[in-house]
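Each chain is listed here by its residues.
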Amino acid sequence: MERENLLTEPLLSVRGLTKRFGSLTANRSIDLDVRKGSIHAILGENGAGKSTLMKMLYGVYKPDEGSVEIDGRPAELHPPAKARAQGVGMVFQDFRVVPALTVLDNIALAVEKGWGLRRRQLRRRIVDVSAKYGLAVDPDASVWELDLGQRQRLEIVKVLLMPGTRIIIFDEPTSVLVPQEVGAFLDMLRRLREDGYGILLITHKINEVLAVADEATVLRSGEIVFRAGQGEELAGERLIAAMMGDKTLKAVSRTAGGPDEAPAAMAVRGASIRGDHGELALEAFDLDLPAGRITGVAGISGSGQRELAEALFGLRPLASGTLEIGGKPMKPGVRSFIEAGVTLVSEDPVKESVVPGFTILEHMALDGYPLYPKGLGVDWSRLRAELTASPEAAALSVAAPDRRAETLSGGNIQRMVLARALIRRPGILIVSYPSRGLDIGTAYTVQRQLLEAAAQGAAVLLLSEDLDELFKLSDRLVVLAGKRLLGPYRPEEIDQAGIGRLMLKGESA
Ligand SMILES: Nc1ncnc2c1ncn2[C@@H]1O[C@H](COP(=O)(O)OP(=O)(O)OP(=O)(O)O)[C@@H](O)[C@H]1O
């Protein structure tokens, strides 16, 4: 069939979908079509309502109002088993897999019931689907061994092997991929489109939308504010403007950093760090974190970033070597590191930092060590006053102090955790992947705040997968590769390609 014809045929049509959480209307009267053989991008700032909409389409939430049609016939999608039975699949950000089992077993668990396939047949189908869409996964690998990209490919294969899948929802799929994997992922989406699948793609990355989407819908505060693709041309600036409403995107750039004459707030010498299974993650490296400077850390994910961040926060002992803060040797133990002025933003705030049932205010106090200890407890009124008056919390639009954190959107949790770190005015700030999951406007705000923290004297260690971000913010860059820490390099002296070569080879360029 011609693509033009395919584009006119809605597989899934929703009209007037509304979802409320108490007094908050997370989605108001949403109309949306997903056509056969097309990619429909959903954009919007953090908390705009994208995940809520997708969860209604996948049957997790039951809409309060509105109707759904599949192939022109009324459909009920709640609960997810019904959505799946009608051909809707979803690839979540947090993968729904059993780590102890193999790829084959995970897929068997999900699809066997529908097909009663024997393992040999199932294995063949996995191999076929993997080859067809470029989704390399080893059926016999245990899931715990897989990196995030491989887990995502497993999820996609699983969704494709569910009987009857025709509509696939991807929730910020590229946020777990390293830059080198993104191109292959977008090619895979194009192949799915050629085969007639209807794709819904949530993303914060405008360039991905421009690269693959046929249509785009922008949500703001739970309502559709802009549509492009059908008639209206897809243009990046127009999409950003629709997302941001009356706010404007201000460019971020550092004023070229001076030489490293600043004293090292933290100095690491001859250090080795072990990974979770006792293997060496990083070998015999030196690292200085000068006060008032941002030290960027580049590297393919899984090159020791998490182990490095944890060791510099006292969470993980050094296997050898020394670590000094302000000239004073440190022993492992988070408490003494926090007292010495170190703060960590971990790489997965949603998983690692949110305690169900706790409010934002309580999370502010829960940072390993209370911000304002009072006797054995916490000085809540001081903390509340501080949070309400905090310019960092205001700039990041952190939600109200009494809001329970688990009801926040993913990006809003990231904002809360970043604000908490910045409010402490740490002398040494270790921040992992700060822009992950943030909308463009907020990502820029966070970047500006990191520059501001450095301008006020903080020694910042910035771990990021985004080379643009690293080059934009860092005064000096180090690279993790082959268990080694290379550098520092000045961003003026090396370009992105040079850093990329170091990341891949672990050898001097
Ligand atoms: N279970 C819930 N209970 C209460 N409020 C919720 C719940 N889930 C979402 N919300 C609220 O609904 C609004 C929309 O959230 P949603 O997760 O859909 O946003 P999003 O556009 O996906 O954001 P992000 O880009 O940060 O992931 C937010 O204000 C959020 O706090």
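Since the structure is predicted, the reported quantities are computational estimates derived from the model, not experimental observations.

Draft legend 1. Local environment of the overall build of the protein. The secondary structure content of the protein amounts to 19 helices and 22 strands. For 509 residues, the compact-globule estimate of 2.2 N^0.38 gives 23 Å, and the protein sits close to it at 24 Å. Expressed along its principal axes, the backbone C-alpha trace of the protein runs to roughly 70 × 50 × 45 Å. Relative to its full complement of 509 residues, the protein shows a buried share of 44%. If you take every contact in the protein between residues at least 6 apart in sequence, the share linking residues at least 24 apart comes to 68%.

Draft legend 2. Structural detail: the site of the ligand. Contacts to the ligand come from 17 residues, most closely from Asn-46, Ser-51, Thr-52, Ser-409 and Gly-411. Residues of the shell around the ligand, tallied by class, amount to five nonpolar, 11 polar and one charged. Shared between two domains, the shell around the ligand holds at least three residues of each, these being domain 1 (3-244) and domain 2 (276-505).

Draft legend 3. Fine view of the packing of helix H5 (residues 119-133) against helix H6 (residues 148-161). Packing of H5 against H6 brings their axes to within 10 Å, and their N-to-C directions diverge by 110°. Between H5 and H6, the angle falls in the class roughly perpendicular. Both H5 and H6 take part in a crossing whose hand is right-handed. On the side of H5, the interface is formed by Arg-125, Ile-126, Val-129 and Ser-130, while H6 contributes Val-157, Leu-160 and Leu-161. Here the residues of the contact of H5 with H6 are counted per class, giving five nonpolar, one polar and one charged.

Draft legend 4. Focus on helix H16 (residues 410-423). In this model H16 runs 20 Å from its N-terminal to its C-terminal C-alpha over 14 residues, within 8% of the 20 Å that 1.5 Å per residue would give. A large share of H16 lies buried, amounting to 14 of its 14 residues. Positive phi shows up at Arg-425, right after H16, with a value of about 45°.

Draft legend 5. Inspection of the pairing of strand E13 (residues 294-298) at higher detail. Extensive coverage of E13 is indicated by the burial of five of its five residues. Here E13 shows no split at all, with Ile-294, Gly-296 and Ala-298 on one side and Thr-295 and Val-297 on the other all buried. Relative to strand E20 (residues 459-463), E13 runs parallel, the two sharing four bridges. Across the sheet, Thr-295 pairs through a bridge with Leu-461, a residue of E20.

Draft legend 6. Local environment of helix H2 (residues 50-57). For H2, the buried fraction is high: eight of the eight residues fall into the buried class. Those residues of H2 that sit buried are Lys-50, Ser-51, Thr-52, Leu-53, Met-54, Lys-55, Met-56 and Leu-57. With its phi angle positive at about 85°, Gly-59 sits one or two positions after the end of H2.

Draft legend 7. A look at the domain arrangement of the protein. In terms of domain boundaries, the protein breaks down into domain 1 (3-244) and domain 2 (276-505). Its C-alpha centre places domain 1 at a distance of 31 Å from the equivalent point of domain 2. Taken residue by residue, the interface counts 15 residues in domain 1 and 17 residues in domain 2. Considering every element that reaches the side of domain 1 that touches domain 2, the biggest residue donor is helix H9 (residues 236-244), with three residues. Classifying every residue of the side of domain 1 that touches domain 2 gives seven nonpolar, five polar and three charged.

Draft legend 8. The arrangement of the nonpolar core in detail. Formed by 73 residues in total, the largest nonpolar core has its most connected members in Met-266, Ile-428, Ile-430, Leu-450, Val-460, Leu-462 and Val-479. Here the element with the most residues in this core is H16; it accounts for eight residues. Apart from residues lying up to four places away in sequence, Met-266 is in contact with Leu-289, Leu-312, Leu-323, Ile-325, Ile-428 and Ala-459. Of all hydrophobic cores here, the second largest spans 64 residues; its members include Leu-12, Ala-108, Leu-154 and Ala-213.

Draft legend 9. Representation of the sheet that holds strand E11 (residues 264-274). Taking strand neighbours across the sheet as the criterion, the four strands line up as E12-E11-E14-E15 in an open arrangement whose pairing is antiparallel. Single-partner strands in this sheet number two, and they are strand E12 (280-290) and strand E15 (328-329). Bridge count for strand E14 (residues 318-325) against E15 is two bridges, and the pairing is antiparallel. Within E15, the position partnered with Ile-325 by the bridge is Lys-328.

Draft legend 10. Expanded view of the sheet that holds strand E9 (residues 215-220). Taken in spatial order, the six strands make up an open sheet running E6-E7-E8-E3-E9-E10, and their pairing is mixed. Each edge of the open sheet carries a strand with a single partner, namely strand E6 (88-91) and strand E10 (223-228). Sheet twist, expressed as the mean angle between neighbouring strand axes with direction ignored, is 20°. Here strand E3 (residues 38-44) runs beside E9; their pairing, made up of five bridges, is parallel. Among the inter-strand pairings, Ala-41 is bridged to a residue of E9, identified as Ala-216.

What counts and what doesn't
- Residues numbered from 1 in each chain as written.
- Predicted model: local features only at pLDDT ≥ 70, side-chain atom pairs only at ≥ 80, totals over all residues.
- Helix = DSSP H or I, 4+ residues; strand = E, 2+ residues; numbered from the N terminus.
- Rg over C-alpha atoms; globule rule 2.2 N^0.38 Å.
- Buried ≥ 20, exposed ≤ 12 C-beta atoms within 10 Å, placed from the backbone.
- Contact = placed C-beta atoms within 7 Å.
- Near = placed C-beta within 6 Å.
- Nonpolar A, V, L, I, M, F, W, Y, C, P; charged D, E, K, R; others polar.
- Domains from an automatic or database assignment.
- Axes fitted to C-alpha atoms, helices over the stretch in contact; angles between N-to-C directions.
- Parallel < 35°, antiparallel > 145°, perpendicular 65-115°, else oblique.
- Left-handed = near helix turned anticlockwise from the far one by under 90°.
- Expected span 1.5 Å × (residues − 1).
- Pairing = 2+ DSSP bridges.
- Core = buried A, V, L, I, M, F, W, Y, C linked by C-beta atoms within 7 Å.

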